[in-house]
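Take a look at the letters that make up each chain.
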Amino acid sequence: MKRKPFFSARNIAYLAVLTALLIVLQLFASAIPMFGVTLNFSLIPIVLGGIFFGVWGGGLLGLISGLLTFLVTAVMGREPSTAFFFQASPVILTITCIGKTTIAGLVAGLLYRIIAKKSAIAASYVAAVTVAILNTGLYLLGVVLMKDAASQFLGTEATATAVFVAVFTLIWLNFVLETVINVLFAPAISRIEHVVNSKVARYRADREGSAPQNRSAKTPEAAQEEPHTPPTEDKP
């Protein structure tokens, strides 16, 4: 069976749409304040990338998300804590920002491909939860590695345990909300895309099936244009 190329016309179009959606969500819907917490919708395209394209699609969109996060929060200073960590530990902060979403997308795409063989719905939910867990977990790991800078920023002891507890106390509710948002939106969007693709494929199949019949049936106009052959007379 011939393997379809990853960068086909269809995949490029889908990736362009998801990348545009990712940029918009990253810039305008990655930290929406509400009742003392922040809502983050920017992980949804990463989940969809893993669902639609597998490992490389999820990883690619995760990489784009990480680069945007790094540029906006660290370089441009949109998030004070990230900007502070960037000044204190630029290498670790850069790897953390770019690596957490990239790895999350890769793993989500891999798990989806494995679990989808049994159940596509279950695979969608697993991918959605995986992205949220790895995004938060790898961020916590990066902060612990920057424990000196983190303790200075947070005013805690410069130990891994103290920093981990302090940061997790601040972000655990956001992590729960990210998981809920991913679980609610990503599988639903994936299901809609599957239904639309199924209907389009069925429509094309119906048209292709009716095409030979249409070609074999002569239209009245074609019958009129066909030259008339007079009947032959039997010679005596």
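Here the structure is a predicted model, which means the values were calculated and not measured. Every residue gets a number counted from 1 within its own chain, in the order that chain's sequence is written. This being a predicted model, a pLDDT of at least 70 is required before a residue's local features are given, and a value of 80 or more before pairs of side-chain atoms are given or counted; all residues contribute to the totals for chains, interfaces and linings. Side-chain calculation: all heavy atoms of the structure are included, whereas hydrogens and water are not.

Things to note about the UniProt feature "transmembrane region" (unreviewed entry) in the chain
Moving on, step 1. Following the UniProt record, one finds the feature "transmembrane region" (unreviewed entry) at residues 12-37, 43-72, 84-115, 121-146 and 158-177.
Moving on, step 2. For the purposes of this entry, the term helix denotes a DSSP run of H or I that reaches at least four residues, the term strand denotes a run of E that reaches at least two, and both are numbered from the N terminus. Annotated as residues 43-72, this span is 97% helix and 0% strand, and its ends, taken at the C-alpha atoms, are 15 Å apart.
Moving on, step 3. Along residues 84-115 one finds 97% helix and 0% strand; the C-alpha atoms at either end are 40 Å apart. UniProt positions are given in the numbering used here, feature names are shortened, and annotations may be inferred rather than shown by experiment.

Concerning the side chain of T130
Moving on, step 1. Following the sequence through the fold, T130 ends up in helix α5 (residues 120-145).
Moving on, step 2. We classify T130 as buried; its relative accessible area is 12%.
Moving on, step 3. Any N or O atom pair separated by 3.5 Å or less is treated as a polar contact, with the protein-specific requirement of one donor-capable and one acceptor-capable atom, and with residues adjacent in sequence counted only for side-chain atom pairs. Side-chain polar atoms of T130 contact the backbone oxygen of V126, separated by 2.6 Å. Relative accessible area decides the class of each residue, using a 1.4 Å probe on protein chains only: under 20% of the type maximum gives buried, over 50% gives exposed, and in between gives partly exposed.

Focus: the packing of aromatic side chains
Aromatic ring pairs are defined here through the distance separating the ring centres and the angle between the ring planes.
Moving on, step 1. A pair of Phe, Tyr and Trp rings is counted when the ring centres sit within 6.5 Å of each other, with Trp represented by its six-membered ring. The angle between the planes then sorts it: under 30 degrees is stacked, over 60 is edge-to-face, the rest tilted. The full count for this structure, using the stated rule, is nine aromatic pairs.
Moving on, step 2. Ring geometry for Y14 versus F52: centroids 5.9 Å apart, planes at 85 degrees, classification edge-to-face. Taken together, the residues span a long stretch of sequence, with Y14 in helix α1 (residues 9-28) and F52 in helix α2 (residues 44-75) at a distance of 38 residues.
Moving on, step 3. Using a relative accessible area of 22% as the deciding quantity, one classes Y14 as partly exposed.
Moving on, step 4. Owing to a relative accessible area of 17%, F52 belongs among the buried residues under this scheme.
Moving on, step 5. A ring pair is formed by F52 and F53, whose centres lie 6.2 Å apart and whose planes are at 85 degrees; its orientation type is edge-to-face.
Moving on, step 6. An aromatic cluster of at least three residues, connected via ring pairs, comprises Y14, F52 and F53.

Some thoughts on the layout of surface pockets
Moving on, step 1. Only protein atoms enter the calculation, which uses a 1 Å grid: trapped sets of points that fit a 1.4 Å probe without letting it out are cavities, open sets showing protein on both sides within 12 Å along at least five of seven lines are pockets, and any residue with an atom within 4 Å of a point is a lining residue. Grid points are joined across faces, edges and corners, and a volume is the space filled by probe spheres set on the points. As a volume, the largest pocket reaches approximately 860 Å³.
Moving on, step 2. Considering the residues around the largest pocket, the lining is formed by 34 residues, among which E79, T82, Y139, I171 and E178 are closest to the centre.
Moving on, step 3. For the lining of the largest pocket, the elements supplying multiple residues, two or more each, are β2 (37-39), α2, α3 (80-88), α4 (90-115), α5, α6 (147-154) and α7 (160-216).
Moving on, step 4. Ranked by residue count, the leading element in the lining of the largest pocket is α7, at six residues.
Moving on, step 5. Only Asp, Glu, Lys and Arg are considered charged in this grouping, and only Ala, Val, Leu, Ile, Met, Phe, Trp, Tyr, Cys and Pro are considered nonpolar; every other residue, Gly among them, is considered polar. Partitioning the lining of the largest pocket into residue classes produces 16 nonpolar, 14 polar and four charged.

Brief notes about the nonpolar core
One recurring pattern in soluble globular proteins: nonpolar side chains tend to sit buried together.
Moving on, step 1. We call a set of buried residues a nonpolar core when its members are Ala, Val, Leu, Ile, Met, Phe, Trp, Tyr or Cys and they connect through side-chain atoms within 4.5 Å of each other. Ranked by internal contacts, the top residues of the largest apolar core, which has 23 residues, are L18, V47, L48, I51, F52, A127 and V131.
Moving on, step 2. For this core, the leading source of residues is α2, giving nine residues.
Moving on, step 3. Any two residues whose heavy atoms approach within 4.5 Å at even a single point are treated as in contact. Leaving out residues up to four positions away in the same chain, L18 has contacts with P45, L48, G49, F52, F53 and L61.
Moving on, step 4. By size, the runner-up hydrophobic cluster in this structure holds 15 residues, among which are L93, Y139, A150 and V167.

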